[in-house]
Amino acid sequence: MLLFTALTEQLKVFDVTSARGTMRQTSLHLLLLLSSLLCCTTNQASLTVSPSSSQMFEGQFVSLSCEEDDSSAGWTLRRNTSRETSVECGTDWGKSAGSFCNITDIVPMDSGVYWCESREGATSSSIKITVIGGSVILQSPVLPVMEGDNVTLHCKTKTSNLPADFHKDGSLIRTEPTGHMTIHHVSKSDEGLYKCNISSHGESPSSWITVTGKPTTSPPVSVATSPINVALPPASAPLQLVVRLVCHLVVFCPYFISTLLMVSLYRHRSTGNNLPVSMVMTTPTQAEQGFNDDYDDVITSVTTEHHF
């Protein structure tokens, strides 16, 4: 919506400047707008972590990666911790290997927020990782959970899975003898702060679970004159929708801007060909032409008669 608002405002500037004949300023404005639109339509990347958990045991091997749509964007992995800000992988933490960043022995000081960032400054969704030196962790999703999906929480120790108590927002939910709990068809009411406890081993830190609503979709559109049904993209792939929208904008913008430039050039040429009022010649009508011919005949007749 902001994109089309900007184009509309630029069209207003275009009309005013065309009327005044300042084509150079109009073209410059349009080119700047096109450049800004192309810069803003950068392909996105998503951050993944293995093992997929927001809590880690101290000493674990952790691998993070930027799954990118376009390798030319140059995505790198950065983090914020209690002792550093926006530090790139491979400087004083982790080992960079292509789009991966590996941490061999993760420690509590590695706790923080991680994200992917491109050369143009675009960023992916961030994830929070907590590293503990205790004996119990709650293995929960690191990314937001889609409404309607199933989510399984694991209460783990370094040795084996034991019966565990699961808590949400400080209240006991239930006790699971297998050490893991599944929430079926999650909704916004399941969003909150979760932790678990194992007797004789201790309690895990708390982790926040975010639930996002599913985007609404319309039924497939049928074309009356054709037997082919055009189905809308699936609702389970919001990232694909964003990528498709960006691709359409990248293709649409150059054609739109070039059309504006051509119309502007046409208006400028039409304005330049208009002659001043003092130089406009009018073609006499047939009546006027006939009147002039009769007048000439009368003058000739009078002159001839006088000489006689």
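The rules behind each value
- Residues numbered from 1 in each chain as written.
- Predicted model: local features only at pLDDT ≥ 70, side-chain atom pairs only at ≥ 80, totals over all residues.
- Heavy atoms only, no water.
- Helix = DSSP H or I, 4+ residues; strand = E, 2+ residues; numbered from the N terminus.
- Buried < 20%, exposed > 50% of the residue type's maximum accessible area, 1.4 Å probe, protein only.
- Areas by Shrake-Rupley, 256 points an atom, 1.4 Å probe, with all protein chains shown as cover.
- Core = buried A, V, L, I, M, F, W, Y, C linked by side-chain atoms within 4.5 Å.
- Contact = heavy atoms within 4.5 Å.
- Pairing = 2+ DSSP bridges.
- Axes fitted to C-alpha atoms, helices over the stretch in contact; angles between N-to-C directions.
- Disulfide = S-S within 2.5 Å.
- Salt bridge = Lys/Arg side-chain N within 4 Å of Asp/Glu carboxyl O.
- pLDDT = per-residue confidence, 0-100.

1. Some words on the overall build of the protein chain
Within the protein chain one finds 4 helices and 21 strands. In the protein chain, which comprises 308 residues, the proportion classed as buried is 30%. For the protein chain, the exposed area adds up to about 19,400 Å²; of that, 59% sits on carbon and sulfur atoms.

2. Details of the nonpolar core
If you look at the biggest cluster of nonpolar residues, it comprises 22 residues, and the most contacted ones within it are V49, L64, L77, W93, Y114, I127 and I129. Looking at this core, the elements that each hand over two or more residues are β1 (45–50), β3 (62–68), β7 (100–103), β8 (112–117) and β9 (127–132). Other than its neighbours up to four places away in sequence, I127 contacts L47, V49, L64, G112, V113, Y114, V142 and L143. Core analysis: the second largest hydrophobic core is formed by 16 residues, L138, L153, C155 and Y194 among them.

3. A look at the sheet that holds strand β12 (residues 151–157)
With antiparallel pairing, the 3 strands of this open sheet are ordered in space as β10-β12-β15. Bordering the open sheet on either side are β10 (136–139) and β15 (180–183), each of which pairs with just one other strand. Mean inter-strand twist for the sheet, computed between neighbouring axes without regard to direction, equals 15°. Across 4 bridges, the pairing between β10 and β12 is antiparallel. Looking at β12, one finds that Q139 is bridged to H154.

4. Overview of the pairing of strand β16 (residues 192–198)
On a regular strand, each side chain points to the face opposite its neighbour's, so the side chains alternate between the two faces of the sheet. By the bridge criterion, 4 bridges tie strand β13 (residues 164–168) to β16 in an arrangement that is antiparallel. Looking across to β16, one finds that H167 is bridged to K195. In this sheet, strand β18 (residues 207–209) lies alongside β16 in antiparallel orientation, the contact comprising 3 bridges. Across the sheet, the residue bridging to Y194 is S207, located in β18. The pairing of β16 with strand β17 (residues 202–203) spans 2 bridges and is antiparallel. Note on β17: the bridge partner recorded for N197 is E203.

5. As for the sheet that holds β9
What the 5 strands build is an open sheet, ordered β2-β9-β8-β4-β5; its pairing is mixed. Where the open sheet ends on each side, the last strands, each with one partner, are β2 (55–57) and β5 (87–88). Inspection of the sheet shows β8 paired to β9 by 3 bridges, in the antiparallel sense. In the strand pairing of β9, V113 is matched with K128.

6. Some thoughts on the state of the cysteines
Across all of its chains, the model carries 3 disulfides by this definition. Disulfide partner of C89: C101, at an S-S distance of 1.9 Å. With the S-S bond torsion at 90°, the cross-link from C89 to C101 turns out right-handed. On the criterion of sequence distance, the pair formed by C89 in the loop between β5 and β6 (95–97) and C101 in strand β7 is long-range, its members being 12 residues apart. The exposure class assigned to C89 is buried, which follows from its relative accessible area of 9%. Since its relative accessible area comes to 1%, C101 is described here as buried.

7. Re the side chain of D110
Summarising the element assignment, D110 is placed in the loop between β7 and β8. Setting aside its immediate chain neighbours within four residues, D110 contacts R79, T81, I103, D105 and V131.

8. Thoughts on the pattern of salt bridges
As enumerated under the stated definition, the model contains 8 salt bridges in all. R174 is paired through a salt bridge with E176; the nearest N and O atoms lie 2.6 Å apart. A relative accessible area of 34% means that R174 is categorised as partly exposed.

9. Digging into the confidence of the model for the protein chain
Any segment with low pLDDT has predicted coordinates that should not be analysed in fine detail. Averaged over all residues, the pLDDT of the protein chain equals 73, while 59% of them reach at least 70. Overall, residues 10–42 carries pLDDT values under 50, and its contacts beyond four positions in sequence, including any with other chains, amount to 39 contacts.

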